[in-house]
Amino acid sequence: MPAPAAAELAEYAARRAALIKAMGPDGLAIIPSAREVIRNRDSHYRFRQDSDFLYLSGFQEPDSVLVLAPGNQDGEFLMFVRARDAAREIWDGRRAGPEGAVSQYGADQAFVIDELDKQLQGLLSGRRRVFYTFGEHPEWDPKIAAVVREIREVSRRGAAAPTDFVALETTLHEQRLIKTEAELKLIRHACQVTAGAHVRAMQATQPGGWEWAVAAEIHHEFERHDMQCGYGSIVGGGENACILHYKENESQLNNGDLLLIDAGGEYRGYTADITRTFPINGRYSGAQKEVYEVVLAAQLAAIATLTAGNASSRPHEVATKALTEGMVALGLLEGDVDTLIAEGKHRQFYMHGTGHWLGLDVHDVGRYKLDGVARNFEPGMVMTVEPGLYIAPGTEGVDPRFHGIGIRIEDDVLVTGGAPEVLTSGVPKAVAEVEALMAGR
Ligand code: GLY
Ligand code: MN
Ligand code: MN
């Protein structure tokens with residue numbers, strides 16, 4: 001990824017300034033980058049930067065640490081990065097080095113990563129609250145703990161040691177929950193390309209084809225737009241759709257079955273998250289259509305609740321109610337809808353939540369409850385809406401024509417000052433629209 005342009009640098013600087021303000025003058029943030037992970041022997045998985053680190057810096061290298069030190073005379077934004085190394089760069093690629101961290105990424109000061117060990121004591125001394133998430137960075141936890149212990153020793157003679165270690169969820173993650181215009185631009189792009197990838201998958205699907213081949217159509221569409229998968233793609237034909245995290249993508253596609261695809265492309269760190277469920281031969285059967293219409297109605301009703309001021313628990317309540325009414329209408333369950341929900345009976349066919357925050361992480365950061373109560377929607381939040389019904393093969397007491405049907409419909413929705421904005425409307429979901437698209441294959 002190229003170094004940030006001037007406008008992007010200003011965006012990162014504004015994000016850091018907001019975090020510094022939230023931390024207060026006696027806070028210090030220590031945010032390590034991701035590390036490279038071995039796939040097998042000496043091959044690595046493709047590097048993916050830590051989302052907090054990326055959000056604050058745009059810096060795409062491993063083995064780095066970002067420090068925000070409010071009021072520090074030598075600069076508030078410090079970076080500790082890999083040293084330039086001509087030999088390693090020939091093998092593994094370019095490095096910015098400390099000079100690049102300053103000139104290209106706007107650090108006030110930058111050092112090679114080994115320097116951090118030496119500087120930690122000075123950085124932590126006199127700071128009351130340290131914004132560092134213990135337990136997530138095994139290489140830094142013991143070092144930071146040891147330095148704090150040393151400062152406590154010295155503090156008997158004056159220097160104050162930190163008293164609070166604060167996880168990032170009440171500051172940085174609250175900030176990440178409300179997307180800026182710059183972020184929304186990237187998210188819209190990810191959603192648009194992902195919608196096109198789902199359209200392409202529908203057009204490429206044929207009885208006798210293979211789940212992996214359809215996945216390849218999706219991935220081709222991501223990669224030709226400089227994107228990767230934001231999470232492992234789920235391409236499940238027939239009863240594979242009833243396995244919520246099906247990832248083998250290994251089965252042949254049968255005439256008469258549905259195909260569920262849950263796939264999202266990631267652009268500059270921001271992922272989309274779309275699910276569609278469509279007929280492999282292009283026409284929904286009667287039973288498939290009956291179940292599909294229930295899920296679609298639930299999804300549309302849930303989407304309508306994503307307005308500023310509504311409780312963020314509303315989509316799930318509304319979807320659960322609509323789905324459970326549908327379960328009764330289809331004969332999957334019997335009884336009073338509210339009682340069935342209160343007793344959790346609907347979970348046999350709808351066992352997951354209706355949505356999650358979306359952004360740099362597919363299950364993005366941001367609290368769902370404040371003081372134990374569901375928070376309200378605010379403009380700039382992005383949430384998925386993804387109800388489904390899953391009728392496992394051989395389910396007793398259920399009409400066999402429904403057996404093995406698994407359907408989920410998922411869109412990504414922006415909360416605005418007005419009506420909810422569906423960012424993923426570029427891929428059809430109404431029965432007639434899906435069938436029309438597939439008829440044109
Ligand atoms: N693709 C993951 C999810 O829908 O939550
Ligand atoms: Mn999904
Ligand atoms: Mn999702």
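Residues numbered from 1 in each chain as written. Chains lettered and ligands numbered in written order. Predicted model: local features only at pLDDT ≥ 70, side-chain atom pairs only at ≥ 80, totals over all residues. Heavy atoms only, no water.

Asks: Before we move on, could you go through the coordination of the manganese ion (ligand 2) and cite the residues and values that matter?
Replies: Protein-derived coordination of the manganese ion (ligand 2) comes from Asp 262 (OD), Asp 262 (OD), Asp 273 (OD) and Glu 410 (OE), at a distance range of 2.0 to 2.4 Å. Around the manganese ion (ligand 2) sit six donor atoms, and with donor-metal-donor angles ranging over 57 to 170° the site reads as irregular. The distance between the manganese ion (ligand 2) and the manganese ion (ligand 3) comes to 3.3 Å, with Asp 273 serving as a donor to both metals. A residue pair is termed long-range when its members are at least 10 positions apart, and Asp 262 in strand β11 (residues 258-263) and Glu 410 in the loop between β19 (406-408) and β20 (411-414) qualify at 148 residues. The pair Asp 262 / Glu 410 is uniform in exposure class, with both members buried. (Donors = N, O, S within 2.8 Å, 3.2 Å for Na, K, Ca; no water. Tetrahedral: all angles 85-135°; square planar, octahedral: opposite > 155°, others 65-115°. Helix = DSSP H or I, 4+ residues; strand = E, 2+ residues; numbered from the N terminus. Buried < 20%, exposed > 50% of the residue type's maximum accessible area, 1.4 Å probe, protein only.)

Asks: Break down the packing of aromatic side chains for me, with residues and values.
Replies: For any two aromatic rings, the description comes down to two numbers: the centre-to-centre distance and the angle of the planes. Counting across every chain of the model gives nine aromatic pairs. Measuring from ring centre to ring centre gives 5.2 Å for Phe 80 and Phe 111, while their planes differ by 25°; the resulting arrangement is stacked. Placement of the pair is Phe 80 in strand β5 (residues 77-81) and Phe 111 in strand β6 (residues 109-112), with a sequence separation of 31 residues. The pair formed by Phe 80 and Phe 111 is uniform in burial state, with each residue classed as buried. Here the aromatic rings of Trp 210 and Trp 212 are separated by 5.6 Å at their centres, their planes lie at 15°, and the arrangement is stacked. Overall, the relative accessible area of 31% leaves Trp 210 in the partly exposed class. Of note, Arg 15 hangs over the ring of Tyr 55, and the distance from its end group to the ring centre comes to 4.4 Å. The ring of Phe 77 carries the charged tip of Arg 16 above its face, separated from the ring centre by 3.7 Å. (Phe/Tyr/Trp six-rings, centres within 6.5 Å; stacked < 30°, edge-to-face > 60°. Lys NZ or Arg CZ within 6 Å of the ring centre and 35° of its normal.)

Asks: Tell me what's going on with the sheet that holds strand β8 (residues 164-166), and back it up with residues and numbers.
Replies: Sheets are built from strands that pair by backbone hydrogen bonding, the pairs being arranged parallel or antiparallel. Taken together, six strands build an open sheet; the order of strands is β6-β5-β4-β1-β7-β8 and the sheet is mixed. Unpaired on one side and paired on the other, β6 and β8 mark the two borders of the sheet. This sheet shows a mean twist of 20° between the axes of neighbouring strands, independent of strand direction. Alignment of strand β4 (residues 65-68) against β5, held across four bridges, turns out to be antiparallel. Bridging across to β5, Val 67 finds its partner in Leu 78. (Pairing = 2+ DSSP bridges. Axes fitted to C-alpha atoms, helices over the stretch in contact; angles between N-to-C directions.)

Asks: Give me the sheet that holds strand β13 (residues 270-271): which residues, what numbers.
Replies: If you trace the three strands from one edge of the open sheet to the other, you get β9-β12-β13, paired in antiparallel fashion. At either end of the open sheet lies a strand with only one pairing partner, and these are β9 (228-229) and β13. Note that β9 and strand β12 (residues 265-267) share two bridges and pair antiparallel. The residue bridging Cys 229 from the neighbouring strand is Gly 265, located in β12.

Asks: Mind laying out the coordination of the manganese ion (ligand 3), listing which residues take part and the relevant values?
Replies: The coordination sphere of the manganese ion (ligand 3), as far as protein atoms go, consists of Asp 273 (OD), His 356 (NE2), Glu 386 (OE) and Glu 410 (OE), spread over 2.0 to 2.2 Å. Around the manganese ion (ligand 3), the six donor atoms are arranged such that angles at the metal cover 50 to 154°; this shape is classified as irregular. In primary sequence terms, the donor set of the manganese ion (ligand 3) follows D-x82-H-x29-E-x23-E. Asp 273 gets classed as buried once you look at its relative accessible area, which sits at 3%.

Asks: Describe the site of ligand 1, naming the residues involved and giving the relevant values.
Replies: The environment of ligand 1 is made up of Tyr 231, Asp 262, Asp 273, His 356, His 363, Glu 386 and Glu 410. Here Asp 273 contributes a side-chain N or O atom positioned 3.2 Å from an oxygen atom of ligand 1. Within the side chain of Glu 410, an N or O atom sits 3.3 Å from an oxygen atom of ligand 1. By residue class, the composition of the shell around ligand 1 is one nonpolar, two polar and four charged. (Near = heavy atom within 4 Å. Polar contact = N/O pair within 3.5 Å; in protein donor to acceptor, adjacent residues only side chain to side chain. Nonpolar A, V, L, I, M, F, W, Y, C, P; charged D, E, K, R; others polar.)

Asks: Give me the lowdown on helix α1 (residues 6-23), citing residues and values where you can.
Replies: Under the 1.5 Å per step criterion, the end-to-end length of α1 is 26 Å for 18 residues, consistent within 8% with the ideal 26 Å. Buried within α1 are the following residues: Glu 11, Tyr 12, Arg 15, Arg 16, Leu 19, Ile 20 and Met 23. Of the residues flanking the end of α1, it is Gly 24, one or two places downstream, whose phi is positive at about 85°. (Expected span 1.5 Å × (residues − 1).)

Asks: Pulling in residues and values, what's your account of the packing of helix α8 (residues 181-204) against helix α13 (residues 431-439)?
Replies: Packing of α8 against α13 brings their axes to within 8 Å, and their N-to-C directions diverge by 60°. What the angle tells us is that α8 and α13 run oblique. Where α8 crosses over α13, the two elements pack in a sense that is right-handed. Of the residues in α13, those touching α8 at Val 199, Met 202 and Gln 203 are Val 434, Leu 437 and Met 438. (Parallel < 35°, antiparallel > 145°, perpendicular 65-115°, else oblique. Left-handed = near helix turned anticlockwise from the far one by under 90°. Contact = heavy atoms within 4.5 Å.)

Asks: Could you give me a rundown of unusual backbone geometry, with the residues and numbers involved?
Replies: Phi is positive for Arg 41, close to 45°, though the residue is something other than glycine. Here Asn 249, not a glycine, exhibits a phi torsion of approximately 50°, which is positive. Looking at where Asn 249 falls in the secondary structure, it is placed in the loop between β10 (234-237) and β11.

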